[in-house]
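Structural overview
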Amino acid sequence: MTESNKRTTSRRQFLGSAAAVGLGGGLLAACGDDEEAAPTTTAAPATTAAPATTAAPATTAAPSVASDIPPAKVGFVTPRTGPLADLGQTDDFVLAQIRSLYGDRIEIVDKDTETDVTRAGEVTNELIAEGAHLILCGGTPDTTIPVAATCDLAEVPCLSNLAPWQPHYINIKGGPPGPEPASVWNHHFFWGLEHMTQVYLDLWAQADVEPIIGALWGGDPDGQAFGDPEVGQPPAFIAAGYTIIDDGRFDLGTQDFSAQIQSFKDNNVQIVTGVLPPPVFATFQAQALQQGFNPPVMTVAKGLLFSSAVGSYPQGAGLSSEIWWTSRFPTTSSLTGETAGDLAEAYIADTGRNWEQPLGYGHALWEVAIDSLRRAGTTEKTALNEAIGATDLDTQVGRVNFNAGPVPQLSTQPLIGGQWVEGERFPLELFIAVNGFLPDHPVDGPLQLIG
Amino acid sequence: MEWLNAVVQGIMLGGLFALFATGLSIAFGVMRFVNLAHGDLAILGAFVAVSVTSGLSLNPFVSLVVVVPIMLAAGYAMQLGVFNFTISADPLPSILVTFGLGVVIQNALLETYSADSRGLDVGSIEVESITLTDAIAIGWIPLITLAAAVAVLLGLQAMLSRTSLGRAFRAVSDDPATARLMGINDRNLYAVAMGIAFATVAIAGVFLGIRQSFGPTDGPAQLLYAFEAVVIGGLGSVWGTLVGGLLLGIAHGLGGQFEVSFGYGSGPLLGHLVFLAVLATKPTGLLGRRDA
């Protein structure tokens, strides 16, 4: 199937599902006439389609009519290539869906940051110069900070997600969290380090091992923030009774972890944590296994988010991580009435790949944008910014409300935790062990030890 | 004991560095050609191996039989078709062209293979090792990598000193104008040299892919270590490349141990310092030729 064919298929599906919203089985019906998509989509279980009917009342069906949205030009800035491209891998699908639904009202201009902080600011300036009324962005603080800061200077409304809120907020505001918003023109929705630390502690509480943590916090901004003895994760871990073996910040370019591995072995480390990009984690794990170090729990941030990356590790099954969104999130799209499961199935049918976590957040970004445009009824920047600020909407990633967060113009979304296990449908699937922030999410069981 | 372990693991890592540096060393030694796309070519080789292993369901080690000739041909064609036009007394054209080639390779790989990080799966040997003492275990993969580096460099040395092709290489390297007068087709010879350089860097790429996961944009980081190994050992010297790679590897191993023992700050820094020290005191490298 060529790229253009894929797109056409997805458009057809979503036009169909938009028309059939409220009927629940919209996806199934729409795909019936498409031979290529049929085998996969028939697998979409009736059980996930059914709740959509009940959960999507007539009021959510009505808003998906595009005509009550003011014609608008919306910029979309994400990393599509470069080391952060994993975060943008679901964007093609998300944008095709939104264009098929709202293409006649909203002109979407999407830009690739190429994982470059400078370029992220440049393309934002280009979008603003082209007259964009609203900028959407996501994909680590390296994307959201330059984009939001540029929008702030130009006084253009900006919506962002896919970046833990503290680094985003602190860098834009230039100071610690307080009662002021980071920027007048930016609204952000994601979770924060406090949620992640709690998820980790909940995960480890299920593991019957000696409370000794080996930390791999590197010398990059993330590693320094996580490993900071005062504002990072160590105080919470120590308070929970864990001993931390932290051999100091190291260069992420290192290709040799034997010193840390030896130190972890000597100190009987049972839990390895840290924040490592995928290639660095792969190097560490291969060396650890070679040198006979295979701890029962490995919970690492950043490197274990995507099945595409975890599948390439020497031993992917058993690794645990924070999880932002799954196909089993108890949520429904305000645009299409699709449940999280419907959205994931549509993605699988369209791409032939397993769903990945940015799918939910990419979709939710547009849910908030379109809801705000509709309530504003205009693209005038102050009115639009106020409408965004007044958002109170159930989305794919939970309720978004910018007045209920720990700082103004921030909405914190639920974070859960789990691990990768060998799956039946795909080589690796997520097994959910912790749902403290989202009790409605099904739990598969307690954390399973590695080995 | 941990310090000994750091040295041992560093030597193993050095094997990979030496393998990376070989192609760079050949290109520079024979035709004074600085190839900034070297790291990207290694990643290209690894991706070709991904296609070969999945397409023909071969073990990545066996896939070398296919990958190396492909890259050899690519190197030959690239030199004849592109690089030969950049060779002159001025090093800038070759630097610009190979810099551009690196960008092209990265983006072509992104288009073809997407940004997913990949690995080459050789099965359980990836995590197996030989236990020497309680504190020292040598992984099979690093050991095989080191052996491959030594084998490649031995082969190269034998070729340079024993065959007529090797003599031609040395002649062209010493004085291209005179070599041409003696009937040597230097343009074609350059193409052969670049073919060999591509072939060795493809081997390095495959071993890198077996050792760790890689993505389309990981090339430039590899280039840095390859450069340092070449400069430490000596530009254009075969054994210098091995020595440079091993020294750089040991510096990395000790740097990591410094980090754990004394806190943040060393890591790869120690390797960079060794590189600087050699550059400052012996710019031709430890085993480099004086004119290089």
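Residues numbered from 1 in each chain as written. Chains lettered and ligands numbered in written order. Predicted model: local features only at pLDDT ≥ 70, side-chain atom pairs only at ≥ 80, totals over all residues.

1. Notes on the overall build of chain A
Quick note on the threshold: Helix and strand definitions follow DSSP, with helices as H or I runs of at least four residues and strands as E runs of at least two, each counted in order from the N terminus. We call two residues in contact when the distance between their C-beta atoms, placed using the backbone, is within 7 Å.
If you tally the helices and strands in chain A, you get 18 helices and 15 strands. Contacts in chain A between residues at least 24 apart in sequence constitute 71% of all its contacts with a sequence separation of at least 6.

2. Observations concerning unusual backbone geometry
Most peptide bonds take the trans configuration, and most residues that are not glycine carry a negative phi. Phi is positive for T140 of chain A, close to 70 degrees, though the residue is something other than glycine. Tracing the backbone through its elements, the reader meets T140 of chain A in the loop between β3 (134-138) and α8 (141-154). Its identity is not glycine, yet S57 of chain B carries a phi of approximately 40 degrees, on the positive side.

3. Brief notes about the packing of helix α2 (residues 38-55) of chain B against helix α3 (residues 60-81) of chain B
Residue and element names in this part refer to chain B. Our working definition: Lines fitted to the C-alpha atoms define the axes, with helices restricted to the stretch that makes contact. Angles between their N-to-C directions range from 0 to 180 degrees. Roughly parallel covers angles under 35 degrees, roughly antiparallel covers those over 145, roughly perpendicular covers 65 to 115, and oblique covers all other angles. Each crossing is labelled by how the near helix is turned from the far one, with a counterclockwise turn of less than a right angle marking it left-handed and a clockwise turn marking it right-handed. Ten residues, namely Ala, Val, Leu, Ile, Met, Phe, Trp, Tyr, Cys and Pro, are considered nonpolar, four, namely Asp, Glu, Lys and Arg, are considered charged, and the remaining ones, Gly among them, are considered polar.
The geometry of α2 relative to α3 is characterised by a closest axis approach of 9 Å and an angle of 120 degrees between their N-to-C directions. When the axes of α2 and α3 are compared, the pair comes out oblique. Here α2 runs over α3; the crossing is right-handed. Listed contacts from α3 to G45, V48, A49, V52 and T53 of α2 are P60, S63, V66, V67, I70 and M71. A breakdown of the residues in the contact of α2 with α3 according to their chemical character gives 8 nonpolar, 3 polar and no charged.

4. A few points about the interface of chain B and chain A
With 36 residues of chain B at the contact, the number on the chain A side is 36 residues. Listing elements by their share of the side of chain B that touches chain A, those giving two or more residues are α1 (2-31), β2 (137-139) and α10 (238-262) of chain B. Its residues assigned to classes, the side of chain B that touches chain A shows 12 nonpolar, 17 polar and 7 charged.

5. Side note on the nonpolar core
A general tendency of soluble globular proteins is for nonpolar side chains to be buried together. Note the following rule: Any set of buried Ala, Val, Leu, Ile, Met, Phe, Trp, Tyr and Cys residues joined through C-beta atoms within 7 Å is what this text calls a nonpolar core. Here a residue counts as buried when 20 or more other C-beta atoms sit within 10 Å of its C-beta, as exposed when there are 12 or fewer, and as partly exposed otherwise, the C-beta atoms being derived from the backbone.
Judged by nonpolar contacts, the single largest core of 121 residues is most densely connected at L134, I135, L136, C158 and A369 of chain A. If you tally residues by element for this core, the top one is helix α17 (residues 358-376) of chain A, at 10 residues. For C158 of chain A, the contacting residues outside a window of four places in its chain are I135, C137, V147, A148, C151, W185 and N186 of chain A. Of all hydrophobic cores here, the second largest spans 92 residues; its members include A46, L153, V231 and V243 of chain B.

6. Remarks on the environment of W325 of chain A
Residues and elements named next belong to chain A. Structurally, the position occupied by W325 is in the loop between β10 (320-323) and α16 (340-351). A C-alpha to C-alpha distance of 9.5 Å links W325 and G398, two positions 73 residues apart in sequence. Sequence-distant contacts of W325, that is, excluding residues within four places in its chain, are made with Q357, G360, Y361, Q396 and V397.

7. Topic: the sheet that holds strand β2 (residues 106-112) of chain A
Residues and elements named next belong to chain A. Let me state the cut-off plainly: Strand pairing requires that DSSP identify at least two bridges connecting the strands.
An order of β2-β1-β3-β4-β5-β13 is seen for the 6 strands of this open sheet, with the pairing classed as parallel. The strands lining the two open edges of the sheet, one partner per strand, are β2 and β13 (410-412). Ignoring strand direction, the axes of neighbouring strands in this sheet form an average angle of 15 degrees.

8. Describing the domain arrangement of chain A
Residues and elements named next belong to chain A. Worth spelling out the cut-off: Start and end positions for the domains come from either an automated domain assignment or a database one.
What the domain assignment reports for chain A is domain 1 (61-191 + 327-412) and domain 2 (195-323 + 416-434). Spacing between the C-alpha centres of domain 1 and domain 2 amounts to 29 Å. Opposite the 8 residues of domain 1 that make contact, domain 2 presents 12 residues. Classifying every residue of the side of domain 1 that touches domain 2 by side-chain character gives 3 nonpolar, 3 polar and 2 charged.

9. Some words on the pairing of strand β5 (residues 186-190) of chain A
All names here are of chain A. Defined as follows: Looking down the strands as they point away from the viewer, one classifies a crossover as right-handed if the path from the first strand across the helix to the second runs clockwise.
Of all 5 residues in β5, 5 are buried; the element is thus mostly enclosed. What you see with β5 is no split at all: N186, H188 and F190 on one side and H187 and F189 on the other are buried throughout. Of the pairings in the sheet, the one linking strand β4 (residues 158-161) to β5 comprises 4 bridges and is parallel in character. Looking across to β5, one finds that N161 is bridged to F189. Following the backbone out of β4, through helix α9 (residues 165-173) and into the adjacent parallel β5, one traces a crossover that is right-handed. Across 3 bridges, β5 lies against β13 in parallel orientation.

10. Quick notes on the pairing of strand β9 (residues 297-301) of chain A
Residue and element names in this part refer to chain A. The buried fraction of β9 is high, at 5 of 5 residues. Every second residue of β9 is oriented toward a common face, with V297, T299 and A301 on one face and M298 and V300 on the other, all of them buried. Here strand β8 (residues 271-275) pairs with β9 via 5 bridges, running parallel. Counterpart to V272 in the pairing with β9 is M298. Traced from β8 through helix α14 (residues 278-290) to β9, the parallel crossover comes out right-handed.

11. A closer look at the packing of α17 of chain A against helix α18 (residues 381-389) of chain A
Residues and elements named next belong to chain A. Two elements in contact, α17 and α18, have axes whose closest approach is 8 Å; the angle formed by their N-to-C orientations is 125 degrees. Comparing their axes, α18 and α17 come out oblique. In this structure, α17 crosses over α18, and the sense of that crossing is right-handed. Side by side, α17 and α18 meet where S372, L373, R375 and A376 of the first sit next to A383, L384, A387 and I388 of the second. Classifying every residue of the contact of α17 with α18 gives 6 nonpolar, 1 polar and 1 charged.

12. A few points about α3 of chain B
All names here are of chain B. Stated precisely, the cut-off is as follows: An expected span of 1.5 Å times one less than the residue number is assigned to each helix. The reported bend at a residue is simply the angle between two axes, fitted to the 7 residues ending at it and to the 7 residues beginning with it.
Between its first and last C-alpha atoms α3 spans 30 Å; for 22 residues at 1.5 Å apiece the expected length is 32 Å, and the two agree. The largest bend in α3 is about 35 degrees, located at V66, with the proline P69 one to four residues further on. What α3 keeps buried is the set P60, S63, L64, V67, M71, G75, Y76, M78 and Q79. Of the surrounding elements, those touching the buried residues of α3 are α2 and α8 (186-211).

13. Considering the environment of F293 of chain A
All names here are of chain A. Along the chain, F293 falls in the loop between α14 and β9. On the basis of neighbour count, F293 is assigned to the buried category, with 20 C-beta atoms found within 10 Å. The spacing of F293 and V109 is 184 residues in sequence and 49 Å in space, taken between C-alpha atoms. For F293, the residues in contact, after removing those within four places along its chain, are I261, F264, K265 and A288.

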